[in-house]
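# Overview (structure and organization)
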Amino acid sequence: MRTMIFDDNKKNAGDLWQEYEPYIRKLCSYKLKSLPDYIDDCIQDVFLVFAEALNNGKNIEYPKAWLTMVANNKIKDIYAQAKRKAEKNVFFESQNLDNTYSGVVHDEYFSIEDEQIPVLKEKVVNMLDDKEQQLLYDRYTLNKSISIIAKEHNTTENNIYQKLFRLKQKTKMLIEKVLNE
C-alpha cells in the first residue's frame, strides 16, 4: 500500500485525516442535527472519498477546504434522500384510507381505570433490566440530552439513539403483553 505525501506540508493521508476529522465531525454534527442517525455515515463517506482521491493520486492543495466541500455535498445528498423518502411516505399516507387495513382497536385498552395506570406502568418497567430502566429514567424522567447520556455511558450518540429506539420497541411489546394479561 502506498502512502501519499503532500509536498507543501509533508504529511501523509492518515495524519491529515487525524488533523481534520474533528472539524469534519463537528460540521456534520451541526448540519445534520435533524438527522442524527446519518452523522457517522456522512463522516465515513467523506473519509472514503478522501482516501480514494489520494489513492488515485489527486493533489489536494488545501485539504480542509476540500474536505469541507466534500462534506457539504454529502450533507446535501443526505437531506435530498431524506426529502425523497418523506415525500414517498406522504404519498402513501395521503391515499384514500377508507379501504385500508387499520388494525384492531382494543376497546379494553380504553377502559383502564386511572388508578390502574401506575400499577401497569410499574409492571412494564420491572420487566426491563437495570440498564434499560436507567436509560429510560435518564432520558424521559430527568430529560437528559442524548449527548450527555452518551458521555455518561462512554459511547456514541448514535449508539444511544439506537438503544432508545430498540427500547421503545421492546416497551411497546411489553405494554401489549401486560394489557393482554
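In short, a report on the structure. (Residues numbered from 1 in each chain as written. Predicted model: local features only at pLDDT ≥ 70, side-chain atom pairs only at ≥ 80, totals over all residues. Heavy atoms only, no water.)

### Quick word on the overall build of the chain
Operational definition: The numbering of helices and of strands both runs from the N terminus, where a helix is a DSSP run of H or I of at least 4 residues and a strand a run of E of at least 2. A simple rule labels every residue: compare its accessible area, found with a 1.4 Å probe on the protein chains alone, to the largest value its type can have, and call it buried under 20%, exposed over 50%, or partly exposed in between. Here, two residues are considered to be in contact whenever any of their heavy atoms come within 4.5 Å of each other. Only the protein chains shown count as cover for residues, and the accessible areas themselves come from Shrake-Rupley with a 1.4 Å probe.
Across its full length, the chain carries eight helices and zero strands. Ordered by position in the sequence, the α and β elements of the chain form the string α-α-α-α-α-α-α-α. Here the chain holds 181 residues, and the buried ones make up 23% of them. Considering only intrachain contacts with a sequence separation of at least 6, the fraction spanning at least 24 residues in the chain is 61%. Counting every atom, the chain has about 13500 Å² of accessible surface; 53% of that belongs to carbon and sulfur.

### Digging into unusual backbone geometry
Of note in the backbone geometry, N143 takes a positive phi value of approximately 55° without being a glycine. As for its position among the elements, N143 is in the loop between α6 (130-141) and α7 (146-152). Of note, N154 is a non-glycine position whose phi angle comes to about 55°, a positive value. Position of N154 among the secondary structure elements: in the loop between α7 and α8 (157-180).

### With respect to a negative patch on the surface
Going by this rule: Like-charged residues within 9 Å of one another, or nonpolar side chains (Val, Leu, Ile, Met, Phe, Trp, Tyr) within 5 Å, are grouped into patches, provided each residue has over 30% relative accessible area and no salt bridge. Salt bridges are defined by distance alone: a side-chain nitrogen of Lys or Arg within 4 Å of a carboxyl oxygen of Asp or Glu. The charge count includes Lys and Arg as positive and Asp and Glu as negative, but it does not include His or the ends of the chains. In plain terms, the charge of a residue is placed at NZ if it is Lys, CZ if Arg, CG if Asp and CD if Glu.
On the surface, D37, D41, D45 and D77 cluster together into a negatively charged patch. Structurally, the position occupied by D45 is in helix α2 (residues 39-55).

### Some remarks on the packing of α6 against α8
To be explicit about the condition: For helices, the fitted axis covers only the stretch in contact; all axes are lines through C-alpha atoms, and the angles between them, taken along N-to-C directions, range from 0 to 180 degrees. Just so you know how the angles are binned, under 35 degrees is roughly parallel, over 145 roughly antiparallel, 65 to 115 roughly perpendicular, and the rest oblique. Throughout, the ten residues Ala, Val, Leu, Ile, Met, Phe, Trp, Tyr, Cys and Pro are labelled nonpolar, Asp, Glu, Lys and Arg are labelled charged, and all others, Gly among them, are labelled polar.
One can describe the packing of α6 onto α8 by two numbers: an axis separation of 11 Å at closest approach and a directional angle of 105°. Put simply, α6 runs roughly perpendicular to α8. Together, E132, L135, L136, R139 and Y140 of α6 and I160, K163, L164, L167, K168, K170 and T171 of α8 make up the contact between the two elements. Residues belonging to the contact of α6 with α8 are distributed by class as follows: six nonpolar, one polar and five charged.

### Focus on the packing of helix α1 (residues 13-31) against α2
We apply this condition: Crossing handedness follows the turn of the near helix against the far one: under a right angle anticlockwise gives a left-handed crossing, and clockwise gives a right-handed one.
Where α1 contacts α2, the axes come no closer than 10 Å and their chain directions differ by 150°. α1 and α2 meet at a crossing whose hand is right-handed. On the side of α1, the interface is formed by A13, L16, W17, E21, I24, R25, C28 and S29, while α2 contributes I39, D40, C42, I43, V46, F47, F50 and L54. A class-by-class count of the residues in the contact of α1 with α2 yields twelve nonpolar, one polar and three charged.

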